[in-house]
Amino acid sequence: RVIRVCAWLWISSMNAAARARHNTVAVLTTVGIVNGGLVGGIGPSIDAFAANTGLSQSTLAGLVLQMKLSKLLGNYCWTYYANSSARHGRLSPRGLHAALMLCSAGLSCVVARARTSPRWLQLACWGFGLCYGCSDAGVLMVAVWAGRDGRAQRANIASVCVGYTFGAVLAPLVVALSLRHGGTVYACWEALAVLAAAAAAVLACAAPLPRGDAASLPHYEALQPDSPGGNGLELQPLHEPGSTAQSSGDGRDGLGSVSEVSRKLPGSEPSEDSGSPLHRRHGLVLVGAMVTVLFSVTAAEHGVATWLPTYGQRVGAMELSSLALLSSVFWAVVTAGRVAWSAFAASVSSAWHALAFDASVMVVSGLSYLGYELLQSQWLLWLGTCGLFFFLPTSGA
């Protein structure tokens with residue numbers, strides 16, 4: 001009752017615009033929960049898919065790859081939609097995401113009910129990847145559109161990411177609880193079908209989502225280094241969406257051209273040695289290091305999330321319920337690592353120190369997996385999996 005009263009007072013203190021923004025973020029977070037559940041539910045279900053459909057592990061690995069490729073196609077579909085139909089088309093972002101959630105609900109029902117059909121499982125994997133790729137990119141962009149300034153946009157994105165991770169934690173946990181009480185892994189997909197249908201209903205009843213057009217977005221200017229609280233790296237709204245901007249005299253609004261704003265940023269003037277070979281090599285090394293790190297982060301995250309239950313069963317003969325619980329803990333510690341990194345990131349003097357630490361922890365985690373294969377000790381598998389939370393959050397950030 002105290003929590004309800006506090007929540008009511010907090011909501012009542014907001015103005016109409018603030019309440020609308022918070023409602024938008026809540027809707028987007030719900031979509032993030034469904035997407036996270038789809039990703040987190042695949043790993044603990046791999047062996048059940050193999051047993052019921054008769055597909056080999058290599059064939060299922062191919063299905064997982066096809067799902068990842070269809071996710072890329074979904075990202076491209078959202079990019080095309082955002083650049084064309086999102087701003088002026090008849091299908092609004094709210095309608096599109098509601099349709100994607102309905103598709104996810106239907107595909108989850110297909111997985112839960114057509115358990116012995118390889119064809120339906122393949123169709124579901126393709127559909128999951130397409131819906132996930134489109135809605136995942138979509139909710140992040142709409143979260144940016146819904147932010148009044150840079151700080152609000154970062155808060156919106158963080159909320160959506162928390163929802164995604166919560167869904168990824170919840171799905172393996174449902175599998176673990178179902179198996180512990182004599183059920184099957186398909187209880188997870190039945191729960192996801194209900195959750196996705198509920199998300200579609202929430203979207204249908206919610207207010208229209210931002211379209212990303214100029215009328216609904218704030219305009220920004222760079223803060224000067226000597227302005228209060230400004231470091232020259234933040235952007236600040238010139239006027240609120242829907243307000244009248246002062247004309248600059250040449251038919252443009254008060255923002256002026258992009259080049260005029262960029263000239264306000266400190267350090268935006270090209271330096272004398274910016275085109276030197278040494279400067280270019282330094283940039284290539286930096287970009288190459290970032291690409292390598294992000295490649296390793298993505299491979300580690302999705303590899304462990306997808307194949308950890310199968311690995312634990314085949315190597316150490318662990319129970320699937322325990323491995324599903326470990327998958328849930330894996331996503332939970334990833335979340336804890338992201339929160340911890342966000343708290344200490346400002347105090348890190350050099351990114352190279354963080355990368356060196358990440359590499360060291362990754363080596364220790366890999367050795368723990370090798371030790372699990374040799375010694376058949378479950379605590380080594382837990383150590384190697386939970387150790388990844390030191391690696392994933394800091395490197396990804």
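Sequence order as written defines residue numbering, which begins from 1 separately in each chain. This being a predicted model, a pLDDT of at least 70 is required before a residue's local features are given, and a value of 80 or more before pairs of side-chain atoms are given or counted; all residues contribute to the totals for chains, interfaces and linings. The basis for the side-chain values is all heavy atoms of the structure; hydrogens and waters are excluded.

### A short note on the overall build of the protein chain
Strands here mean DSSP runs of E at least two residues long; helices mean DSSP runs of H or I at least four residues long; both are numbered from the N terminus. If you tally the helices and strands in the protein chain, you get 13 helices and two strands. Across the 397 residues that make up the protein chain, the buried fraction comes to 41%. It only takes one pair of heavy atoms within 4.5 Å for two residues to be counted as in contact. A separation threshold of at least 6 residues defines the contact pool for the protein chain, and within that pool the share at least 24 residues apart is 75%. Accessible surface for the protein chain amounts to roughly 20900 Å². Of this, 66% is attributable to carbon and sulfur atoms. Think of it in three bands: residues with accessible area under 20% of the maximum for their type are buried, residues over 50% are exposed, and the middle band is partly exposed, with areas taken using a 1.4 Å probe on protein chains only. All accessible-area figures derive from a Shrake-Rupley calculation using a 1.4 Å probe, and residue coverage is judged against the displayed protein chains alone.

### Looking at the side chain of S104
As for its placement among the helices and strands, S104 is situated in helix 5 (residues 93-113). Setting aside residues up to four positions removed in sequence, S104 forms contacts with L38, F128, C131 and A196.

### Quick notes on a nonpolar patch on the surface
A grouping of L73, Y76, Y80 and L130 is seen on the molecular surface, where their side chains present a nonpolar patch of about 460 Å² in accessible area. Looking at the nonpolar patch, the element that brings in the most residues is helix 3 (residues 57-83), giving three residues. Within the secondary structure, L73 sits in helix 3. Accessibility expressed as a relative area gives 46% for L73, which makes it partly exposed. The patches described consist of residues with a relative accessible area above 30% and no salt bridge, like charges being joined within 9 Å and nonpolar side chains (Val, Leu, Ile, Met, Phe, Trp, Tyr) within 5 Å. Throughout this description, the term salt bridge denotes a Lys or Arg side-chain nitrogen within 4 Å of a carboxyl oxygen of Asp or Glu.

### Concerning helix 8 (residues 186-205)
Expected span, for any helix, means 1.5 Å times one less than how many residues it has. Between its first and last C-alpha atoms helix 8 spans 29 Å; for 20 residues at 1.5 Å apiece the expected length is 28 Å, and the two agree. Along helix 8, the residues classified as buried are Y186, C188, W189, L192, A193, A196, A199, A200 and L203. Seen along its axis, helix 8 keeps its buried residues to an arc of 140 degrees; they face one direction. Exposed and oriented more than 90 degrees from the buried face of helix 8 are V194 and C205. To be clear, the arc concerns the directions from the helix axis to the C-beta atoms.

### Comments concerning empty space enclosed by the protein
Space inside and on the surface of the protein is sampled on a 1 Å grid over the protein atoms alone, with a cavity defined as a set of points where a 1.4 Å probe fits but cannot get out and a pocket as an open set with protein on both sides within 12 Å along at least 5 of 7 lines; lining residues have an atom within 4 Å of a point. Grid points are joined across faces, edges and corners, and a volume is the space filled by probe spheres set on the points. Under the counting rule described, the total for this entry stands at three cavities of 30 Å³ or more. In this model, the largest cavity occupies a volume close to 120 Å³. N35, L38, V39, I42, V64, M67, K68, F128, G129, Y132, H302 and T306 together form the lining of the largest cavity. Secondary-structure elements contributing two or more residues to the lining of the largest cavity are helix 2 (16-53), helix 3, helix 6 (118-145) and helix 10 (277-316).

### A closer look at the environment of T24
Considering the arrangement of structural elements, one finds T24 in helix 2. Accessibility expressed as a relative area gives 10% for T24, which makes it buried. C-alpha of T24 to C-alpha of N156: the two residues are 132 residues apart in sequence and 9.3 Å apart in space. Those residues within four positions of T24 in sequence are excluded, and the remaining contacts are A146, L209 and P210.

### Considerations on the nonpolar core
For soluble globular proteins, nonpolar side chains are generally found buried alongside one another. Working definition of a nonpolar core: buried Ala, Val, Leu, Ile, Met, Phe, Trp, Tyr and Cys residues. They are joined through side-chain atoms within 4.5 Å. Residues F49, L60, V111, L121, F128, Y186 and W189 are the most contacted members of the largest nonpolar core, which totals 28 residues. Elements represented by at least two residues in this core include exactly helix 2, helix 3, helix 5, helix 6, helix 7 (150-180), helix 8 and helix 11 (320-344). In terms of residue count, the dominant contributor to this core is helix 2 (six residues). Residues within four places of L121 in sequence aside, it is in contact with F49, T53, L55, L60 and L63. M101, V142, A143 and V160 belong to the second-largest nonpolar core, a separate cluster that totals 25 residues.

### Topic: the confidence of the model for the protein chain
A score between 0 and 100, pLDDT records how confident the predictor is in each residue. With 71% of its residues at a pLDDT of 70 or more, the protein chain has an overall mean of 75. Of the regions scoring below 50 in pLDDT, residues 214-270 engages in 78 contacts with residues more than four places distant in sequence or in other chains.

### Some details on the pattern of salt bridges
A full pass over the atoms with the stated rule returns three salt bridges. Note that R115 and E190 form a salt bridge whose closest N and O atoms lie 3.9 Å from each other. With R115 in the loop between helix 5 and helix 6 and E190 in helix 8, the pair connects residues that are 75 residues apart, well separated along the chain. Taking relative accessible area as the criterion, R115 reaches 26% and is therefore assigned partly exposed. Looking at E190, the relative accessible area reads 32%, which means it is partly exposed. Taken together, the shared-partner salt bridges connect R113, R115 and E190 into one network.

### Some words on the side chain of S135
By secondary structure assignment, the location of S135 is in helix 6. Judged by its relative accessible area of 0%, S135 falls in the buried class. In the analysis that follows, any N or O atom pair within 3.5 Å is treated as a polar contact, provided that within protein one partner can donate a hydrogen and the other can accept it, and provided that, for residues neighboring in sequence, both atoms belong to side chains. In this structure the side chain of S135 is engaged in a polar contact, spanning 3.1 Å, whose partner is the side chain of N35. Separated by 2.7 Å, the side chain of S135 and the backbone oxygen of C131 make a polar contact. Excluding residues within four positions of it along the chain, S135 makes contact with V31, N35, H97, L100 and M101.

### Let's talk about the environment of A99
Here A99 shows up in helix 5. Spatially, the C-alpha atoms of A99 and A197 are 9.9 Å apart, while their sequence positions differ by 98 residues.

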